[in-house]
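One letter stands for each residue in the lines below.
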Amino acid sequence: MSTNFKTCLFGGFDREDVISFIEKTSRESRERIESLEKENESLLQSNQSMESELRLMREEFMENAEQAQQAAALVAQVEELSQQLQQLQDEAEALRIQANEYRALKDHIADIEISAHRRTEEFRAAAIAQLRQTISQQYDWCQQAARQYVELSEQFSQKLFAAQQMIASPDMSGFERMEQDLQQINEALDRPIEA
């Protein structure tokens, strides 16, 4: 800072100029110091704020580092779970295929059972119809056989009666004729043969 002081008659500088210069310089210095103090205070506050932010950032960094480790662990867990999920999906798909095969087999067996039941019912109905027809035929046969038995019994009874009648009064004429014939033969044997 350069300044031009007025010189005095007796040599030296003008006192008022020097005082004015000193006051002005002092005022400017004070203002400059106040400004610097304000700036320093502002810088201190800014520094404190930055230190606070830095501390928070360090804490956040540490938290983030921990979270990063946790995230890495979670990523590894997710990968492991993804593999397990894939295995479970593969197993589920295999079981789904088996279930579909079982369902198809079950449906087929159900169809067979229904068909067998239907055939059994048809066979049963046919057997019952055949049995009813046989019963009807046997019933007709029984009635016919009973009628024939009655007729035969009556015929046998008549013949038996005729036989009893015959036995009660036998016809001996045939024996008598035979005896006569035998006697004639005997007599003929006793006669001499004529030549």
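Conventions we followed
Residues numbered from 1 in each chain as written. Predicted model: local features only at pLDDT ≥ 70, side-chain atom pairs only at ≥ 80, totals over all residues. Heavy atoms only, no water. Helix = DSSP H or I, 4+ residues; strand = E, 2+ residues; numbered from the N terminus. Rg over C-alpha atoms; globule rule 2.2 N^0.38 Å. Buried < 20%, exposed > 50% of the residue type's maximum accessible area, 1.4 Å probe, protein only. Areas by Shrake-Rupley, 256 points an atom, 1.4 Å probe, with all protein chains shown as cover. Lys, Arg positive; Asp, Glu negative; His and termini not counted. Charge placed at Lys NZ, Arg CZ, Asp CG, Glu CD. Salt bridge = Lys/Arg side-chain N within 4 Å of Asp/Glu carboxyl O. Patch = residues over 30% accessible without salt bridge, like charges linked within 9 Å, V, L, I, M, F, W, Y side chains within 5 Å. Expected span 1.5 Å × (residues − 1).

## Side note on the overall build of the protein chain
For step 1, the next point in the chain: Each helix and strand in the protein chain was counted, giving two helices and zero strands.
For step 2, the next point in the chain: The globule rule puts the C-alpha radius of gyration for 195 residues at 16 Å, and the 76 Å found for the protein chain is more than 25% above it.
For step 3, the next point in the chain: Each principal axis of the C-alpha atoms in the protein chain carries an extent, and together these give about 250 × 40 × 20 Å.
For step 4, the next point in the chain: Every one of the 195 residues in the protein chain was classed for burial, and the buried ones make up 1%.
For step 5, the next point in the chain: Looking at the protein chain as shown, the accessible area adds up to about 18,500 Å², and 56% of this sits on carbon and sulfur atoms.
For step 6, the next point in the chain: Taking the average place of the 20 positive charges on the side chains of the protein chain and the average place of its 37 negative ones, the gap between the two points comes to 10 Å.

## With respect to the pattern of salt bridges
For step 1, the next point in the chain: Within this structure, the stated rule accounts for one salt bridge.
For step 2, the next point in the chain: Two residues, Arg96 and Glu93, come together in a salt bridge whose shortest N-O distance is 2.3 Å. Separated by three residues within a single helix, Arg96 and Glu93 lie in helix H1 (residues 15–168), roughly one turn from each other.

## Digging into a negative patch on the surface
For step 1, the next point in the chain: Taken together, the side chains of Glu28, Glu31, Glu34, Glu37 and Glu41 present a region of like negative charge at the surface.
For step 2, the next point in the chain: Here Glu31 shows up in helix H1.

## Describing a nonpolar patch on the surface
For step 1, the next point in the chain: A surface patch of nonpolar side chains, amounting to about 450 Å² of accessible area, comprises Met178, Leu182, Ile185 and Leu189.
For step 2, the next point in the chain: Considering the arrangement of structural elements, one finds Ile185 in helix H2 (residues 173–190).

## What to know about H2
Two residues of an α-helix separated by three or four positions point the same way, owing to the 3.6 residues in each turn.
For step 1, the next point in the chain: The end-to-end C-alpha distance of H2 is 26 Å, a good match for the 26 Å that 18 residues give at a rise of 1.5 Å each.
For step 2, the next point in the chain: Little of H2 is tucked away, with zero of its 18 residues classed as buried.

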